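# Analysis of the macromolecular model
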Amino acid sequence: MYNQFALQPEVLSFPECTLYIQSGIIRSMEPYGLPLNITTLPQKLKEAGYSTHMIGKWHLGFCSWSYTPLYRGFDSFYGIYLGAGDHYTHETAGILDLHDNETPVENKDGVYSTYLYAELFHLPDHTEKRNVIQLRFVRNEIAI
């Protein structure tokens, strides 16, 4: 895998995505997203029998529901669709951008997003511990 400052590259870990990623980024408030014909890593994991959950920044498009995490392979999503938002108000360009699946989260103003994400970050309680992979958890803080 490789990293780019404004995308979720772990979602795009297939060779066919390389050219798309290198051609640019999906900017906030743009009416497009990662093309729907590109298969994401969570879609492949679901095909293999894994459950998939995402906490954090999506930043791969939200111009219609089909571009959002629940329609790109994730069973659940808690986080923001855009980048460059305020981690306390959870707004980008004055618009609330904190979501619990498809529902905007309106009662967390003033709570730092890393704390919200950390509260939710745990492995699902399965009686049968099979097909569990933890891909990545990145805090919003900068380590110096």
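Residues numbered from 1 in each chain as written. Predicted model: local features only at pLDDT ≥ 70, side-chain atom pairs only at ≥ 80, totals over all residues. Heavy atoms only, no water.

Our working rule: UniProt positions are given in the numbering used here, feature names are shortened, and annotations may be inferred rather than shown by experiment.
As recorded by an unreviewed UniProt entry, the chain carries the name Sulfatase N-terminal domain-containing protein and is attributed to Porites lobata. The UniProt entry for the chain carries the following text under Sequence similarities (unreviewed entry): "Belongs to the sulfatase family." Regarding the chain, the UniProt comment filed under Cofactor (unreviewed entry) reads as follows: "Ca(2+)".

## A short note on the environment of Phe 62
Worth spelling out the cut-off: Secondary structure elements follow DSSP: runs of H or I of four or more residues count as helices, runs of E of two or more count as strands, with numbering from the N terminus.
If you trace the backbone, Phe 62 turns up in the loop between strand S1 (53-57) and strand S2 (76-80). The spatial distance from the C-alpha of Phe 62 to the C-alpha of Tyr 81 is 6.6 Å, given a sequence separation of 19 residues.

## Quick notes on the sheet that holds strand S5 (residues 99-100)
Selection criterion: In short, DSSP must find at least two bridges between two strands for them to pair. Throughout, a residue-residue contact means that at least one pair of heavy atoms, one from each residue, lies within 4.5 Å. Each axis is a line fitted through C-alpha atoms, and for a helix only the stretch in contact is used; angles between axes span 0 to 180 degrees, taken between their N-to-C directions.
Spatial strand order, S1-S2-S5-S6: four strands in an open sheet with mixed pairing. If you trace the sheet from one side to the other, it starts and ends with S1 and strand S6 (103-104), each paired once. The pairing of S5 with S6 spans two bridges and is antiparallel. Paired with His 99 across the strands is Pro 104, a residue of S6. The sheet contacts of helix H3 (residues 113-120) involve S1 and S2, and relative to S2 the element is tilted by about 165°.

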